[in-house]
Amino acid sequence: MRDYWIAPSILSADFARLGAEVDAVLAAGADLVHFDVMDNHYVPNLTVGPLVCQALRNHGVTAPIDAHLMVKPVDRIIPDFAQAGASYITFHPEASEHIDRSLQLIRDCGCKCGLVFNPATPLHYLNHVMDKLDMVLLMAVNPGFGGQRFIEGTLAKLRETRRLIAESGYPIRLEVDGGVKIDNIRAIAEAGADTFVAGSAIFNTPDYRATLAALRAELANANV
Ligand code: DX5
Ligand code: ZN
């Protein structure tokens, strides 16, 4: 079995009680905190920035924070997130004029880096940077909102990405974001994902521990 990580997306948390919400999902067994950053420019929604990331660290969160930047441009804000305690920083290649430079900037700031692919973004952006990636994130919905339906074509794209990662020989995580639920996480794992973002599937349920356990039980049955 792969080393599966579950990353609750704070987008569906109660923002008025964010520290307690993050504590609760981590106590319930989450592996990392998925932190969705939206700028009302690259995506049609607006969320939180480095101050809130820093607030979670100040609150005592020690788990890795997975900052998913849906912002354009990206370079200006990268050092701020590193400073604020992000562990992973991922961005969309269309949002950066200089992808290689942005990846290098993230690593120079001491964080792990990754590229995010929208449903219709081709994987060719990976061609010349496999040696510079810690994570590839495939969007299974168009970015901007939680609670959308998983786009089925993501499964084939996951299989292709898994093949590219295997061929590269690099230890790159393969994350999926959008529409991940108890009833599809197993098929998503079988297609090659090892890191699963889930927002509404976790935060819209009353018992996070039970939901995390149900997600893990499905993963335990995955045939990979
Ligand atoms: C969408 C965000 C996702 C979102 C996922 O742009 O990147 O992380 O929170 O939400 P669910 O799991 O509800 O699809
Ligand atoms: Zn996300």
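Owing to the predicted nature of the structure, the values given are computational and were not obtained by experimental measurement. (Residues numbered from 1 in each chain as written. Chains lettered and ligands numbered in written order. Predicted model: local features only at pLDDT ≥ 70, side-chain atom pairs only at ≥ 80, totals over all residues. Heavy atoms only, no water.)

Surrounding ligand 1, one finds 20 residues, the nearest of these being Ser9, Asp36, Asp177, Gly199 and Ser200. Take Gly179: an N or O atom from its main chain is 2.8 Å from an oxygen atom of ligand 1. Gly199 places a main-chain nitrogen or oxygen 2.8 Å from an oxygen atom of ligand 1. Bound to the protein, ligand 1 loses 100% of the 380 Å² it would expose on its own. Contributions of two or more residues to the shell around ligand 1 are made by strand 2 (33-38), strand 3 (65-70) and strand 8 (195-198). The biggest single contributor to the shell around ligand 1 is strand 2, with three residues. When grouped by side-chain class, the residues that make up the shell around ligand 1 number eight nonpolar, 10 polar and two charged. (Near = heavy atom within 4 Å. Polar contact = N/O pair within 3.5 Å; in protein donor to acceptor, adjacent residues only side chain to side chain. Areas by Shrake-Rupley, 256 points an atom, 1.4 Å probe, with all protein chains shown as cover. Helix = DSSP H or I, 4+ residues; strand = E, 2+ residues; numbered from the N terminus. Nonpolar A, V, L, I, M, F, W, Y, C, P; charged D, E, K, R; others polar.)

For the rest of this paragraph, the subject is the coordination of the zinc ion (ligand 2). Around the zinc ion (ligand 2), the protein contributes the donor atoms His34 (NE2), Asp36 (OD), His68 (ND1) and Asp177 (OD), which lie 2.1 to 2.2 Å from the metal centre. Considering all six donor atoms around the zinc ion (ligand 2), angles at the metal cover 69 to 168° and the coordination shape is octahedral. Between consecutive donor residues of the zinc ion (ligand 2), the sequence gaps follow H-x1-D-x31-H-x108-D. With a gap of 141 residues between them, Asp36 in strand 2 and Asp177 in strand 7 (residues 173-177) connect regions that are remote in the sequence. Among the residues examined, Asp36 registers a relative accessible area of 5% and is labelled buried. Residue classification places Asp177 among the buried positions, given a relative accessible area of 8%. (Donors = N, O, S within 2.8 Å, 3.2 Å for Na, K, Ca; no water. Tetrahedral: all angles 85-135°; square planar, octahedral: opposite > 155°, others 65-115°. Buried < 20%, exposed > 50% of the residue type's maximum accessible area, 1.4 Å probe, protein only.)

This paragraph deals with the environment of Cys53. Structurally, Cys53 can be placed in helix 2 (residues 50-59). Looking at Cys53, the relative accessible area reads 0%, which means it is buried. For the pair Cys53 and Ile65, spaced 12 residues apart in sequence, the C-alpha to C-alpha distance is 8.1 Å.

This part covers helix 1 (residues 18-27). Taken residue by residue, helix 1 has Leu18, Gly19, Glu21, Val22 and Val25 as its buried positions. Taken down its axis, helix 1 places every buried residue within 165° of arc, on the same side. On its buried face, helix 1 sits against strand 1 (5-8), strand 2, helix 2, helix 7 (200-203) and helix 8 (208-220). Within two residues after helix 1, Gly29 carries a phi angle of roughly 110°, on the positive side. (Arc of directions from axis to C-beta. Contact = heavy atoms within 4.5 Å.)

A regular strand places its side chains on the two faces of the sheet in alternate fashion. Counting buried residues in strand 5 (residues 112-117) gives five out of six residues, a clear majority hidden from the surface. Handedness of the crossover joining strand 4 (residues 88-91) and strand 5 through helix 4 (residues 99-108): right-handed. Note that strand 5 and strand 6 (residues 135-139) share four bridges and pair parallel. Note that in strand 6 the partner of Leu115 across the bridge is Val136. (Right-handed = clockwise from strand over helix to strand, strands pointing away. Pairing = 2+ DSSP bridges.)

Another point: the sheet that holds strand 2. If you walk across this open sheet you meet the eight strands as 1-8-7-6-5-4-3-2, and the pairing is parallel. The open sheet is flanked by strand 1 and strand 2, the only strands paired with a single partner. Going across the sheet, the axis of each strand differs from the next one's by a mean of 25°, ignoring polarity. For strand 3 and strand 4, the ladder comprises four bridges, and the chain directions are parallel. For His68, the partnering residue across the bridge sits in strand 4 and is Thr90. (Axes fitted to C-alpha atoms, helices over the stretch in contact; angles between N-to-C directions.)

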